[in-house]
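Descriptive structure summary
Chain residues, written in single-letter form:
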Amino acid sequence: MKATAVAAAAPYIFAQAPKITNAQLGDNLYLLGGAGGNVIARTGADGVVLVDGGLVENADALALAVAALPGSGRIHTLFNTHWHPEQTGSNEKLGTAGATIIAQENTRLWLQQNITWPWNGQKFKKLSKIAQPSKTFYDKGTLDSGIGSSQIRYGYISDAAHTDGDLYVYFPQQNILAVGDAAFGQGWPVVDWWTGGWIGGIVGGLQRIQTVANKDTTIVPAHGPVLSFADIAAQLDMYGTIYDRLNQMLNKGHSPSEGVEAKPAKEYEAKMGNPDEFIRRSFESLWAYLSPDA
Ligand SMILES: [Zn+2]
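First, a word on what this report is: a plain description of the structure on this page. (Residues numbered from 1 in each chain as written. Predicted model: local features only at pLDDT ≥ 70, side-chain atom pairs only at ≥ 80, totals over all residues. Heavy atoms only, no water.)

**Looking at the overall build of the protein**
For clarity, the threshold we go by: For the purposes of this entry, the term helix denotes a DSSP run of H or I that reaches at least four residues, the term strand denotes a run of E that reaches at least two, and both are numbered from the N terminus. Only protein chains enter the calculation, and the probe is 1.4 Å; a residue is then buried if its accessible area is under 20% of its type maximum, exposed if over 50%, and partly exposed in between. Any two residues whose heavy atoms approach within 4.5 Å at even a single point are treated as in contact. The method behind every accessible area is Shrake-Rupley, applied with a 1.4 Å probe, and residues are considered shielded solely by the protein chains displayed. Residues scored as charged are limited to Lys and Arg (positive) and Asp and Glu (negative), so that His and the chain ends carry no count. Here the site of a charge means atom NZ of a Lys, CZ of an Arg, CG of an Asp or CD of a Glu.
Of the regular secondary structure elements, the protein holds 10 helices and 14 strands. Summarising its shape, the C-alpha atoms of the protein cover approximately 60 × 50 × 35 Å along the three principal directions. Classification of the 294 residues of the protein by burial places 51% in the buried group. Across the protein, the fraction of contacts at a sequence separation of at least 24, relative to all contacts at a separation of at least 6, is 63%. By element, 54% of the accessible surface of the protein is carried by carbon and sulfur atoms, the whole surface being about 13800 Å². A gap of 4 Å separates the mean positions of the 22 positive and 27 negative side-chain charges of the protein.

Next comes the structure, spelled out in structure tokens:
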């Protein structure tokens, strides 16, 4: 936070390039941190596949970090796990360089329009044509992995866990599953009900992750450390409990503020932190989903 304050006070000084970290997750597979969201890079004879591209201000630093990986090459494919800026910040750079950008069709639709979040007024500008996903799908697809005969599998997380365009990417050879923000590795998730996410979708998304993963899979969220199959089960338990409580309060006619005051995440606060924002937005997401006139 300090760095932000300094940058704001001295706008003519270029921000220092972010430090991009990398950790090897498996053969030819790396987790890059520090770009604003987790990025996965799969290197291979055919070039590099990226899952998510960090924030736009970190795109150059990320590209340099990818180029420095062992066995690196041209980034030929970029996945966007959803439309948020932490995922789509390299789209313009890589789209211009000729990479294929794969996303679920709803993600492309969001990236074609300006978006304003009603809860805080935050604005997001639509992306230029070259930065938009160039290959979209509705349900699932596969991609040559560049290693032997194994194929990268990707698919739609249709439950609207985080947005209505969430996708997963599964690397079977390394048993690594990237899930974007359909699971959070750290703290309470952002409930972006404006573009389709909702608390019921968080529960459904975690169940779906369990069907794609197996007990030895490493699950890579867009934020925070990697997760195990057991971590996903524990999250499912927690969000399922909170979902039930909020549903009951909604059915009794309570408001989001009353929902927050009732502390429906009380026993998880010590581990997870203050849940008020998450609970309020989750409650609102129930309205958005369950109200007949929504
Ligand atoms: Zn997100």
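After that view of the structure, there is still more to cover.
**As for the coordination of the zinc ion**
Heads up, the rule is: Only nitrogen, oxygen and sulfur atoms count as donors, using a 2.8 Å cut-off from the metal that widens to 3.2 Å for Na, K and Ca. Water is left out, so coordination shells may look unfilled.
Binding of the zinc ion to the protein goes through His82 (NE2), His84 (ND1), His162 (NE2) and Asp181 (OD), at separations of 2.1 to 2.2 Å. All donors of the zinc ion come from a single chain, and their spacing in sequence reads H-x1-H-x77-H-x18-D. Of this pair, histidine 82 sits in the loop between β5 (75–79) and α3 (85–88) while histidine 162 is found in the loop between β11 (151–156) and β12 (167–171), placing the two residues 80 residues apart along the sequence. Residues histidine 82 and histidine 162 agree in their burial class; the two are buried.

**Notes on the sheet that holds strand β2 (residues 29–33)**
The line we're drawing: Each pair of strands is called paired provided DSSP finds at least two bridges between the two strands. Axes, fitted as lines to C-alpha atoms, cover a helix only where it is in contact. Angles between the N-to-C directions of the axes lie from 0 to 180 degrees.
Strand order in the open sheet formed by 7 strands is β1-β2-β3-β4-β5-β6-β9, with mixed pairing between adjacent strands. Both edges of this open sheet fall to β1 (21–26) and β9 (135–137), since each of them pairs with a single strand only. Strand-to-strand twist of the sheet, defined as the mean angle between neighbouring strand axes without regard to direction, takes the value 20°. Here β1 pairs with β2 via 5 bridges, running antiparallel. Within the sheet, the bridge partner assigned to glutamine 24 lies in β2 and is tyrosine 30.

**Side note on the sheet that holds β11**
Strand order in the open sheet made by the 5 strands is β10-β11-β12-β13-β14, with mixed pairing throughout. Looking at the sheet topology across the chains shown, the edges are occupied by β10 (140–144) and β14 (218–221). The average undirected angle you get between the axes of adjacent strands in this sheet is 20°. Where β12 and strand β13 (residues 176–180) come together, 3 bridges link them in antiparallel fashion. Bridging across to β13, phenylalanine 171 finds its partner in isoleucine 176. In the packing of helix α6 (residues 199–212) onto the sheet, contacts are made with β11, β12, β13 and β14, and the angle to β13 comes to roughly 160°.

**Thoughts on α6**
In an α-helix, one turn spans 3.6 residues; hence positions three or four apart end up facing the same way. As a reminder, the rule being used: Take the number of residues in a helix, subtract one, and multiply by 1.5 Å to get its expected span.
Under the 1.5 Å per step criterion, the end-to-end length of α6 is 20 Å for 14 residues, consistent within 8% with the ideal 20 Å. Inspection of α6 places Ile199, Gly200, Gly201, Ile202, Val203, Gly204, Gly205, Leu206 and Ile209 among the buried residues, and these make up the whole buried set. Contacts from the buried residues of α6 go to β13, β14, α7 (229–251) and α10 (276–290).

**Topic: the packing of aromatic side chains**
The test is simple: Centre distance within 6.5 Å is the pairing criterion for rings of Phe, Tyr and Trp, where only the six-membered ring of Trp is used; planes under 30 degrees apart are then read as stacked, over 60 as edge-to-face, and the remainder as tilted.
Here the structure, examined in full by the defined rule, presents 14 aromatic pairs. Here the aromatic rings of tryptophan 193 and tryptophan 194 are separated by 6.1 Å at their centres, their planes lie at 70°, and the arrangement is edge-to-face. Residue tryptophan 194 is classed as partly exposed on the basis of its relative accessible area, which comes to 40%.

**A word on the pairing of β12**
In terms of burial, β12 is a largely internal element, 5 of the 5 residues being buried. Here β12 shows two buried faces, one formed by Leu167, Val169 and Phe171 and the other by Tyr168 and Tyr170. Two elements, β11 and β12, share 4 bridges in a ladder whose sense is antiparallel. When the sheet's bridge partners are listed, arginine 153 is paired in β12 with tyrosine 170. The hairpin turn running from β12 into β13, its antiparallel successor, is 4 residues long, and asparagine 175 in that turn takes a positive phi close to 55°.

**Observations regarding the layout of surface pockets**
Rule in force here: With a 1 Å grid spanning the protein atoms alone, the term cavity applies to any set of points in which a 1.4 Å probe fits but cannot get out, the term pocket to an open set with protein on both sides within 12 Å along at least five of seven lines, and the term lining residue to any residue with an atom within 4 Å of a point. Grid points are joined across faces, edges and corners, and a volume is the space filled by probe spheres set on the points. Following the grouping adopted for this structure description, the nonpolar residues are Ala, Val, Leu, Ile, Met, Phe, Trp, Tyr, Cys and Pro, the charged ones are Asp, Glu, Lys and Arg, and the polar ones are all others, Gly among them.
Approximately 300 Å³ is the volume attributed to the second largest pocket. Taken together, 18 residues line the second largest pocket, and the ones lying closest to its centre are Val56, Pro85, Thr88, Lys125 and Leu127. For the lining of the second largest pocket, the secondary-structure elements that each account for two or more residues are α3, α4 (91–96) and α5 (105–111). In the lining of the second largest pocket, the residues fall into 10 nonpolar, 4 polar and 4 charged.

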